[in-house]
Amino acid sequence: MGRDARRRASGWTAGERQRALERLRSGTDDWELIIIGGGITGAGILREAARRGWRALLVEQRDFAWGTSSRSSKMVHGGLRYLAAGDYRLTRDAVRERERLLTEAPGLVERMQYLQPHYRGQFPGPRPMRALLWLYDRIAGRRSRAFHPAAEARVWLPQLQADALIGASRFADAVTDDARLVLRTLSEALADGASAVNYLTATEILRQAGEACGVRLRDRLSGEEFTLRAPVIINATGAWADRLRGQGPSIRPLRGSHLVLPYWRLPVPCSVSFPHPTDRRPVFVFPWEGVTVIGTTDLDHDRPLDDEARISDPEVDYLLAAANQIFPGHGLRRADIQASWSGVRPVVAGGADAPSKEKREHVLWDDRGLISVAGGKLTTFRLIALDVLRLAAPRLPPARRPAQGDEPVFRPLPAAPAPAAIAAGIWRRLQGRYGADAPRVLASGAAEPIAATATLWAELGWTAANEAVVHLDDLLLRRTRLGLLLPDGGARLLPRIRALCQPLLGWPDSRWTQEEQRYRDLWQRCYGLPSDGADCNDSTKEPSP
Ligand SMILES: Cc1cc2nc3c(=O)[nH]c(=O)nc-3n(C[C@H](O)[C@H](O)[C@H](O)COP(=O)(O)OP(=O)(O)OC[C@H]3O[C@@H](n4cnc5c(N)ncnc54)[C@H](O)[C@@H]3O)c2cc1C
């Protein structure tokens, strides 16, 4: 995981985390940037820093993408509602980034159609929507908008509430797998010589004459502590940003939750956006990786940040009520829900009463060498990274490889046809998720899908062996999304998953049993439905040494 890994395409094989830690402790590396936080913001900064030849290290207290960046609504979008709220700049930047990502990472970021139904007496009607979409298309430089009268809208969505339906506006945005977006960004940074270590917590910012000059780190697995020095320390810890700054509160943590249903229970060919019947907040139902997702809520998150976020009972009712109102024929009930996930938005507090009224733009703070960043969107991670590095540049040596214009985040892949054994769509998906490693992923195991998902057994084995998996939940909730896509978090398939992955992970039987228990407990508590009197304690914390 050190700079000797330069240009190596694959990620982290077994034992590499330990070797990387030994190297860090030995103090042989002189770091120029230490980035704290392994979500999309940290990953984006690492990627752009490594490209410029700066010696950069990223540390993440849990798993890569464990925070908000595996729990978003997966939209790579301009945010039509931000445009409607007059936030032109955020929308413009996001639309442009969406178009870049669609070009750079096909198979990981894919275009998705959106339908917004219009009902008599409801705002926005087709006319204001047309004006908004005109501007949206104009920013993108391509036309995607269309209006479908009621009969056509019901061809798209036969179960759509028909009473008072005028029609539906259609437009295009994009969708991704957010955790894989983080992993792919990290792997691009690694290939440029960067380092990244998970389960390593920054516990303190070191200062000399008031200036930040290093960090104290604690290995979450062994409990060992050590310090590292660097002229620039970047706090990309999202919802946790106030902690390391030692100031605030500047962050208003806002929870958003989602429900996952089997696709057959609520089949939608596109994302459907509509105002919630009780508070008129925008909610949506969309297809993702073979399931249907209903999202999202937006409320102050007052639980401890170190406990995994999870959905509450009122949120389940709120989301079901929205889906039942727009698709009344389906009669959706709690029993139909297969899984849930919740994330905490690291929104910079602006003093708005309603959570949904808070601005979503990113903000930077320079606290004497500790550069903190929070807010923003998954979609705009590259722009956030560039802003951070601009602020950090005066404290850094000149870039060894100065940026040549607006370079792609993801290195272009050779335009080779799909291998004969698999369909073009599967190959596209593998290339999108694993980049230059796609041929190795395919060669590593069976090109057979896992149950009804698009994930291949080959992917599962490859990621277990090569992508810094520390716990079973890393493998099933973030490297792959099987824990969300399969009923009961994939419990039925665990024996087969074990047969494939246990040898690759090098875990003895006792460790597997422990990991399986931890995964089942975590899934019940945070990815299923709330159960009465559920324990709030987070049992996925590593034991204190
Ligand atoms: C419900 C919801 C839906 C969303 N939907 C969308 C969407 O559709 N499209 C979009 O563009 N954006 C969306 N967003 C916003 C987007 O997900 C976030 O802006 C983005 O993921 C934030 O990334 P981040 O890296 O800043 O934070 P995070 O992903 O939370 O990463 C911060 C990381 O820092 C780590 N950390 C914290 N403290 C320490 C420490 N002391 N030492 C080491 N590591 C530490 C945490 O473990 C965490 O992994 C959504 C957000 C939410 C909550």
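Residues numbered from 1 in each chain as written. Predicted model: local features only at pLDDT ≥ 70, side-chain atom pairs only at ≥ 80, totals over all residues. Heavy atoms only, no water.

J.: Would you take a moment to explain the site of the ligand for this structure?
T.: Around the ligand, 36 residues are found, and the nearest of them are T41, E60, S69, M75 and T379. Contact between the ligand and T379: an oxygen atom at 2.7 Å from a side-chain N or O atom of the residue. Computed on the free molecule, the ligand has an accessible area of 1,000 Å², of which 97% lies beneath the protein chains in the complex. If you list the elements that add at least two residues to the shell around the ligand, you get α2 (40-51), β8 (200-208), β12 (251-262) and β17 (339-348). When its residues are assigned to classes, the shell around the ligand shows eleven nonpolar, 20 polar and five charged. (Near = heavy atom within 4 Å. Polar contact = N/O pair within 3.5 Å; in protein donor to acceptor, adjacent residues only side chain to side chain. Areas by Shrake-Rupley, 256 points an atom, 1.4 Å probe, with all protein chains shown as cover. Helix = DSSP H or I, 4+ residues; strand = E, 2+ residues; numbered from the N terminus. Nonpolar A, V, L, I, M, F, W, Y, C, P; charged D, E, K, R; others polar.)

J.: Before we go on, may I ask you to explain the pattern of salt bridges in this structure?
T.: Pairs may arise between side chains of opposite charge once their charged atoms sit close together. Going through the model one piece at a time under the given rule, you end up with 57 salt bridges. For E32, the salt bridge is made with R400, and the minimal N-O distance between the two is 2.5 Å. Taken together, the residues span a long stretch of sequence, with E32 in the loop between α1 (16-26) and β1 (33-36) and R400 in the loop between α10 (381-392) and α11 (424-434) at a distance of 368 residues. With relative accessibility at 6%, the residue E32 sits in the buried group. (Salt bridge = Lys/Arg side-chain N within 4 Å of Asp/Glu carboxyl O. Buried < 20%, exposed > 50% of the residue type's maximum accessible area, 1.4 Å probe, protein only.)

J.: Looking at this structure, I do not really get the packing of aromatic side chains. What am I missing?
T.: By convention here, two paired aromatic rings are described through the distance between centres and the angle between planes. Under the criterion given, the structure shown has eight aromatic pairs. A centroid spacing of 5.1 Å and a plane angle of 25° characterise the contact between W12 and F64, whose relative ring orientation is stacked. Residue W12 is located in the segment before α1, and its partner F64 is located in the loop between β2 (56-59) and β3 (75-76); the two are separated by 52 residues in the primary sequence. Grouping residues by exposure puts W12 and F64 together as buried. Here the aromatic rings of Y434 and W462 are separated by 5.8 Å at their centres, their planes lie at 75°, and the arrangement is edge-to-face. (Phe/Tyr/Trp six-rings, centres within 6.5 Å; stacked < 30°, edge-to-face > 60°.)

J.: Any chance you could explain the sheet that holds strand β10 (residues 225-229) here in plain terms?
T.: One key point about sheets: their strands pair by backbone hydrogen bonds, in either a parallel or an antiparallel sense. The antiparallel open sheet is built from three strands, whose spatial order is β8-β9-β10. Since the sheet does not close on itself, it has two edges, and those belong to β8 and β10, each with one partner. This sheet shows a mean twist of 30° between the axes of neighbouring strands, independent of strand direction. Sheet contacts for α1: β8, β9 (211-219) and β10; angle to β10, the most-contacted strand, approximately 65°. (Pairing = 2+ DSSP bridges. Axes fitted to C-alpha atoms, helices over the stretch in contact; angles between N-to-C directions. Contact = heavy atoms within 4.5 Å.)

J.: In this structure, what is going on with unusual backbone geometry? I would like to understand it.
T.: Working note: non-glycine residues mostly have negative phi, and peptide bonds are mostly trans. Following F123, the chain continues into P124 via a peptide bond in cis, with omega recorded as 0°. Within the secondary structure, P124 is located in the loop between β4 (109-119) and α5 (126-140). The phi dihedral of A451 is positive, around 50°, even though this residue is not glycine. For A451, the position within the fold is in the loop between α12 (438-443) and α13 (457-466).

J.: I tried to follow the packing of helix α4 (residues 88-104) against α10 on my own but got confused; where do I start?
T.: Helix packing for two helices is described by the angle between their axes and how far apart those axes are. Where α4 meets α10, the closest approach of the two axes is 9 Å, and the angle between their N-to-C directions is 110°. Regarding the angle of α4 to α10, the classification is roughly perpendicular. Of α10, the residues touching α4 (which contributes D93, E97, R100 and L101) are F381, R382 and L383. Its residues assigned to classes, the contact of α4 with α10 shows three nonpolar, no polar and four charged. (Parallel < 35°, antiparallel > 145°, perpendicular 65-115°, else oblique.)

J.: I tried to follow the sheet that holds strand β7 (residues 195-197) on my own but got confused; where do I start?
T.: Within the open sheet, the six strands sit side by side as β7-β2-β1-β11-β19-β18. Their pairing is mixed. The open sheet has two edge strands, β7 and β18 (363-367), and neither has a second partner. The average undirected angle you get between the axes of adjacent strands in this sheet is 15°. As judged from the four bridges shared by β1 and β2, these two strands associate in the parallel manner. From the neighbouring strand, I36 faces β2, where its bridge partner is V59.

Remember, this is a structural readout, not a statement about activity or role.
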